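# Examination of the molecular architecture
Take a look at the letters that make up each chain.
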Amino acid sequence: AKFAFAEPSSAIRSLTGVLAVRVMVEDLNAAMQKTGLKKEQLYTLARETLSKTGIRVLQPHDAGRVPLVYIRLSSVMGGEGDGAPVGLYLNMQVRQMAVLEKKEGTLAKQAISTAEEKPLLVSTWENGTMAMVGRKEIGFYVRTILTNLVGDFAHDHKEANGLQPQS
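Conventions used here
- Residues numbered from 1 in each chain as written.
- Predicted model: local features only at pLDDT ≥ 70, side-chain atom pairs only at ≥ 80, totals over all residues.
- Heavy atoms only, no water.
- Helix = DSSP H or I, 4+ residues; strand = E, 2+ residues; numbered from the N terminus.
- Buried < 20%, exposed > 50% of the residue type's maximum accessible area, 1.4 Å probe, protein only.
- Contact = heavy atoms within 4.5 Å.
- Areas by Shrake-Rupley, 256 points an atom, 1.4 Å probe, with all protein chains shown as cover.
- Pairing = 2+ DSSP bridges.
- Core = buried A, V, L, I, M, F, W, Y, C linked by side-chain atoms within 4.5 Å.
- Phe/Tyr/Trp six-rings, centres within 6.5 Å; stacked < 30°, edge-to-face > 60°.

Attention shifts here to the overall build of the protein chain. When helices and strands are counted, the protein chain shows five helices and five strands. Classification of the 167 residues of the protein chain by burial places 34% in the buried group. Considering only contacts within the protein chain whose residues lie at least 6 apart along the sequence, 71% involve residues at least 24 apart. As presented, the protein chain carries roughly 10600 Å² of accessible surface, and 55% of it is formed by carbon and sulfur atoms.

Okay, here's the thing in structure tokens:
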């Protein structure tokens, strides 16, 4: 009997050989900052959770070009009170430098001749979670969601590198 193995997705393949990353958290909007949540908290949580999964995290001052784990929290506040509803979307991307593949043919050659061999920063892995929470519960839910997103990334990273992901 023949077995057909599906080719792993390009998102997972892009994590093959990734030994270290840098973490960057986008600035939180003013309304989110008023809740007391700080981007430094997200940075620390992501860094520590990645380290626990065996992925080395470079500090900002460390040399070396490695993929960037980019974290963005978008939100819409439904008021100022503790019970006010908040819609949030926490997104985590892995951004890497990549060179577009050149295909034979005049159209393809013309289209990329200007960007010849200059790498582009592209998102190669992405996951996000949307939630509707009470204003006073933001911190708890954001930490939980971020921990889960890092877990998803760690699972895909292990799979991409031939290691046994923990279920």
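Time to look at the pairing of strand β3 (residues 68-77). Residues in a regular strand project their side chains so that they alternate between the two faces of the sheet. Sheet topology note: the strand β1 (residues 20-25)/β3 ladder contains four bridges and is parallel. When the bridges of β3 are listed, Met 24 appears paired with Tyr 70. Direction of pairing for β3 relative to strand β4 (residues 85-98): antiparallel, over a ladder of 10 bridges. Among the inter-strand pairings, Ser 74 is bridged to a residue of β4, identified as Tyr 89.

A separate point is the nonpolar core. Counting 35 residues, the largest nonpolar core has Val 23, Leu 50, Ile 71, Met 92 and Leu 146 as its most contacted members. Those elements that provide at least two residues to this core are β1, α3 (39-52), β3, β4, β5 (120-134) and α5 (138-160). The greatest single-element share of this core, amounting to eight residues, is contributed by α5. Sequence-distant contacts of Val 23, defined by excluding residues within four places in its chain, comprise Tyr 43, Ala 46, Leu 50, Val 57, Leu 68, Val 69 and Ile 71.

Next up on the list: the packing of aromatic side chains. Aromatic rings in a pair are described by how distant their centres are and how their planes are angled relative to each other. The final tally for this structure, using the stated rule, is two aromatic pairs. The interplanar angle of 75° and the centroid separation of 5.4 Å between the aromatic rings of Trp 125 and Phe 153 together place this pair among those described as edge-to-face. Here Phe 153 lies in helix α5 and Trp 125 lies in strand β5, a separation of 28 residues in the sequence. Ring centres of Phe 140 and Tyr 141 lie 5.1 Å apart, and the angle between their planes is 80°; on these two criteria the pair is classed as edge-to-face. Note on Tyr 141: relative accessible area 33%, which makes it partly exposed.

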